[in-house]
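# Overview (structure and organization)
Each chain, letter by letter, is given below.
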Amino acid sequence: GGEPPPVILISIDTLRADHLSSYGYGKIRTPHLDLFGRGGTLFARVDAQIPLTLPSHTSLFTSTFPFQNGVEENGERVPPGVVTLASVLKSHGYKTAAFLGSDFLDKRYGLDQGFDVYDSPFEHEAGAPPHPYAASLRRDGALVLRAARQWLDSNHGQRVFAFVHLYDLHTPYTLPVEAARAHGISRYDAQLEYIDQVLGRFQQALEESGWWQKSLVVLLSDHGEGLGEHRESDHGFFIYESTLWVPLILHWPAGGTSYPAVAPLPAGLIDVAPTILDFLRLSAPRSFAGASLLGSIKAGEAGGPRAAPAGCIFPAAVALT
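Just so we're clear, the structure is a prediction, and the values are computed from it rather than from any experiment.

Formed by 49 residues in total, the largest nonpolar core has its most connected members in Leu 9, Phe 61, Leu 85, Phe 161, Phe 163, Val 218 and Leu 248. The element contributing the most residues to this core is helix α10 (residues 272–279), with five residues. Judged by nonpolar contacts, the second largest core, of 44 residues, contains Tyr 23, Tyr 25, Leu 152 and Leu 166.

Okay, the side chain of Thr 58 next. The residue Thr 58 is located in helix α2 (residues 53–62) in this model. Excluding its chain neighbours within four sequence positions, the residues that come into contact with Thr 58 are Ser 63, Asn 69, Val 71, Val 78 and Leu 111.

One open sheet holds the eight strands; their spatial order is β4-β3-β5-β1-β6-β7-β2-β8, and the pairing between them is mixed. The strands lining the two open edges of the sheet, one partner per strand, are β4 (117–119) and β8 (262–268). Across the sheet, the mean angle from the axis of one strand to that of its neighbour is 15°, orientation sign disregarded. Those strands touched by α2 are β1 (7–12), β5 (160–166) and β6 (216–220), and its axis lies near 160° from that of β5.

The subject of this paragraph is α10. Counting buried positions along α10 yields seven of eight residues, so the element is predominantly enclosed. Along α10, the residues that are buried comprise Val 272, Ala 273, Pro 274, Thr 275, Ile 276, Leu 277 and Phe 279. At the C-terminal side of α10, Arg 281 shows a positive phi close to 60°.

Turning our attention to the environment of Gly 114. Locating Gly 114 in the fold gives a position in the loop between β3 (95–99) and β4. Counting along the chain gives 23 residues from Gly 114 to Ser 91, while the straight-line C-alpha distance between them is 8.5 Å.

Across all of its chains, the model carries 14 aromatic pairs by this definition. Taking 5.5 Å as the distance between ring centres and 5° as the angle between the ring planes, the aromatic pair formed by Phe 65 and Phe 67 counts as stacked. Exposure remark for Phe 67: the relative accessible area of 63% places this residue in the exposed category. When the centroid spacing of 6.2 Å and the interplanar angle of 55° are considered together, the rings of Phe 99 and Trp 151 count as tilted. Placement of the pair is Phe 99 in strand β3 and Trp 151 in helix α5 (residues 141–153), with a sequence separation of 52 residues.

Here we take up the environment of Trp 245. With respect to the element layout, Trp 245 can be found in strand β7 (residues 245–251). The exposure class assigned to Trp 245 is buried, which follows from its relative accessible area of 15%. Once you skip the residues sitting within four places of it in the chain, Trp 245 turns out to touch Leu 15, Arg 16, Ala 17, Asp 18, Tyr 23, Ala 44, Arg 45, Val 46 and Asp 47.

On to the pattern of salt bridges, then. What the rule picks out here adds up to six salt bridges. Close ionic contact of Arg 16 with Asp 18 constitutes a salt bridge, the shortest N to O distance being 2.8 Å. Owing to a relative accessible area of 3%, Arg 16 belongs among the buried residues under this scheme. The salt bridge partner of Asp 103 is Arg 108, with a shortest N-O separation of 2.9 Å. The class for Asp 103 is buried, based on a relative accessible area of 2%. Salt bridges here are not isolated pairs; linked through shared partners, they connect Asp 103, Asp 106 and Arg 108.

Taken N-terminus to C-terminus, the directions of α5 and helix α7 (residues 187–208) make an angle of 10°; their axes are 10 Å apart at the nearest point. Relative to α7, the element α5 lies roughly parallel. Across the interface between the two elements, Ala 142, Leu 145, Ala 148, Arg 149 and Leu 152 from α5 touch Tyr 194, Val 198, Leu 199, Phe 202, Ala 205 and Leu 206 from α7. For the contact of α5 with α7, the class distribution of residues is ten nonpolar, no polar and one charged.

Parameters and conventions
Residues numbered from 1 in each chain as written. Predicted model: local features only at pLDDT ≥ 70, side-chain atom pairs only at ≥ 80, totals over all residues. Heavy atoms only, no water. Core = buried A, V, L, I, M, F, W, Y, C linked by side-chain atoms within 4.5 Å. Buried < 20%, exposed > 50% of the residue type's maximum accessible area, 1.4 Å probe, protein only. Helix = DSSP H or I, 4+ residues; strand = E, 2+ residues; numbered from the N terminus. Contact = heavy atoms within 4.5 Å. Pairing = 2+ DSSP bridges. Axes fitted to C-alpha atoms, helices over the stretch in contact; angles between N-to-C directions. Phe/Tyr/Trp six-rings, centres within 6.5 Å; stacked < 30°, edge-to-face > 60°. Salt bridge = Lys/Arg side-chain N within 4 Å of Asp/Glu carboxyl O. Parallel < 35°, antiparallel > 145°, perpendicular 65-115°, else oblique. Nonpolar A, V, L, I, M, F, W, Y, C, P; charged D, E, K, R; others polar.

Structure follows, in structure tokens:
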């Protein structure tokens, strides 16, 4: 019983699971991101269904595979009228808001369905294809999180669903080369340290304002990054673990069922929306292809979801995002 908890979903674009210290990485520490798993559950083997920003987020929100929803490249449109996690929560009385770090998820691509507020303040030429390197088409994570905090502050005591998308880990990196060189780490890791700091401040603000204790907070990524492995520097062409293996960490609201700290079973991003709904005791729509992970993490290894297939249709020439 009781009031269903608020849901805060944070997507860190282009974050490889194996660069977080909670997943065993040793070259840098990510203490604030690790905090999200304290008293929560870290999912050790989650794969994206496709290593591209818009298609992966579409799979996440609709719990369908790219071949089902038809969004297999950036710049395509999410079909109108599709059932999303946001539209389901809205129908159950949640106030819904999204705060975007990149034009790749701009409202003109249709992922705004189900959101009361969809904050994507990007300047683009009408009809022009997205260009990931334009500074006007991305927003610093600190600004994204500030907008999210302001909205949360103005909706205290409400049943809310907030989606936050951070794009700072995507090339081209915004931190100067010296920031990485001074510490003897890669530019990717230097950007990740920055994200760790801004999300640490956000987490602290959630705690001070009482949201943290009562919310289901979901931290994940849409895809990883090649970083030179398999001769792929970025992502979108190959489907190796470097670009498919993503973190998934669930921070549970205080005082509920206790779940194990680590869930070892393989799963996919399409399983996230059904898991959230299951936790809220809401039934998943028939269109969802994913499965809730709650039963399997309680049961440990027994039964449990299957590994979710992934794919990519991309020629290298357009592998920009």
